[in-house]
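Chain residues, written in single-letter form:
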Amino acid sequence: MSEQNPYGGASASDGPKRVRTRHFQNAKRDGIKITGLTSYDQLTARIFDEAGIDFLLVGDSAGNNVLGYETTLPVTVDELIPLTRAVAGAVQRAFVVADMPFGSYENGAEEALHTAVRFMKETGAHAVKLEGGERSHKQIRRIVQSGIPVMAHIGYTPQSEHGLGGHIIQGRGEGLEQLLADAVAVQEAGAFAVVLEMVPADAARQITERLDIPTISVGAGPHTDGQLLVWTDWAGLTPGRIPKFVKQYADLAGVLGAAAKAWQADVSAGVYPGPEHSYE
Ligand code: KIV
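Residues numbered from 1 in each chain as written. Predicted model: local features only at pLDDT ≥ 70, side-chain atom pairs only at ≥ 80, totals over all residues. Heavy atoms only, no water.

With that settled, the discussion passes to the site of the ligand. By nearness alone, every residue bordering the ligand is listed as Thr38, Leu57, Gly59, Asp60, Ser61, Asp99, Lys129, His153, Glu197, Val218, Leu228 and Val230. With respect to the ligand, the side chain of aspartate 60 contributes an N or O atom lying 2.9 Å from an oxygen atom. Side-chain polar atom of lysine 129 to an oxygen atom of the ligand: 3.0 Å apart, as the coordinates give it. Considered on its own, the ligand offers 260 Å² of accessible surface; in the complex 95% of this is hidden by protein. The cavity where the ligand resides is the largest pocket. Taken together, the residues of the shell around the ligand sort by class into four nonpolar, four polar and four charged. (Near = heavy atom within 4 Å. Polar contact = N/O pair within 3.5 Å; in protein donor to acceptor, adjacent residues only side chain to side chain. Areas by Shrake-Rupley, 256 points an atom, 1.4 Å probe, with all protein chains shown as cover. 1 Å grid on protein atoms, 1.4 Å probe; cavity = no way out; pocket = protein on both sides within 12 Å on 5 of 7 lines; lining within 4 Å. Sits in = over half its atoms within 2 Å of the grid points. Nonpolar A, V, L, I, M, F, W, Y, C, P; charged D, E, K, R; others polar.)

Before going further, it helps to examine the packing of aromatic side chains. Throughout the structure, instances matching the rule amount to eight aromatic pairs. For the ring pair phenylalanine 48 and tryptophan 234, a centre distance of 5.5 Å and an interplane angle of 90 degrees mean the geometry is edge-to-face. Placement of the pair is phenylalanine 48 in helix α2 (residues 42-51) and tryptophan 234 in helix α10 (residues 231-234), with a sequence separation of 186 residues. Taking relative accessible area as the criterion, phenylalanine 48 reaches 6% and is therefore assigned buried. For tryptophan 234, a relative accessible area of 22% translates into the label partly exposed. Through a chain of ring-to-ring contacts, the aromatic side chains of Phe24, Phe55, Phe95 and Phe192 assemble into a single cluster. (Phe/Tyr/Trp six-rings, centres within 6.5 Å; stacked < 30°, edge-to-face > 60°. Helix = DSSP H or I, 4+ residues; strand = E, 2+ residues; numbered from the N terminus. Buried < 20%, exposed > 50% of the residue type's maximum accessible area, 1.4 Å probe, protein only.)

Bringing the pairing of strand β3 (residues 95-99) into the picture now. Counting buried positions along β3 yields five of five residues, so the element is predominantly enclosed. Of the two faces of β3, the one carrying Phe95, Val97 and Asp99 and the one carrying Val96 and Ala98 are both buried. The sheet contact formed by strand β2 (residues 55-58) and β3 spans four bridges and is parallel. Paired with valine 58 across the bridge in β3 is alanine 98. In this view, the connection linking β3 to its parallel neighbour strand β4 (residues 127-131) by way of helix α5 (residues 109-123) has right-handed handedness. (Pairing = 2+ DSSP bridges. Right-handed = clockwise from strand over helix to strand, strands pointing away.)

What follows concerns the side chain of serine 39. Here serine 39 shows up in the loop between β1 (34-38) and α2. A polar side-chain atom of serine 39 sits 2.9 Å from a polar atom in the side chain of threonine 44. Other than its neighbours up to four places away in sequence, serine 39 contacts Thr44, Ala45, Phe48, Leu56, Leu57, Val58, Val87 and Trp231. (Contact = heavy atoms within 4.5 Å.)

As a further point, take the pattern of salt bridges. Taken as a whole and judged by the stated rule, the model has nine salt bridges. Taking the shortest distance from any N to any O, the salt bridge between arginine 118 and aspartate 78 comes out at 2.9 Å. Placement of the pair is arginine 118 in helix α5 and aspartate 78 in helix α4 (residues 77-90), with a sequence separation of 40 residues. Since its relative accessible area comes to 51%, aspartate 78 is described here as exposed. With a shortest N-O distance of 2.8 Å, glutamate 122 and arginine 118 are connected by a salt bridge. In this pair, glutamate 122 and arginine 118 are both assigned in helix α5, four residues apart and thus about one turn of the helix distant. Note on glutamate 122: relative accessible area 30%, which makes it partly exposed. (Salt bridge = Lys/Arg side-chain N within 4 Å of Asp/Glu carboxyl O.)

Pasting the structure below:
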């Protein structure tokens, strides 16, 4: 769904056209790849939007990228709401998806709807995402029946890290049957798209062929209808090991570290601030 295609191309006269759920569906029909990145603030949201990224996910990965937690488990709705509002307020074209954090929908359909309504009313997001296939189908159905689009998320689901026994690839061997059942369940419940995280490429291909709704890969190989990455991994900000499926497109940690050192050296040497940075 780049700017060269009819689904969201910028026009000089009326500004960029908002990506909507039907554009996800059309992209799958026409074999046009969908792109998504996470974003947690207005500055990156604006940059990614202007670059033509189709959707921005305000992920609960804010937990380990912004909020200082080790996992996504402690993240709350109240913590994600201001981040989501900042992202939604900064974009003109991109479709903004609010991630429902752990503990905000597992109790049942009514709790899920309550959380989804909060995100829609308080942030300006265009859809919500929640984790789980068969186990979350009632929640997805209830939210969708209320007019809120849902992006589903199956395969490796980080909120269930402990239940799954760690960062383990899902859908291998006998696990494929459950993965297919999960994919069908979220489609039947009304999800407009489904994220497949850390599943073998061939399993993702089978699901993509089986489903009418678009599949979005996070570490699920090339055969899906779209790709999504956590922006800090993709831009080289995340310290330490990054997952095998991430390709780094920048070295922001290197750039910022070098800038900080250069500035500190200039301050120490009395070179900064110069006359051009000082008021008369
Ligand atoms: O929170 C997040 O960033 C996510 C993606 C990894 C799918 O859920």
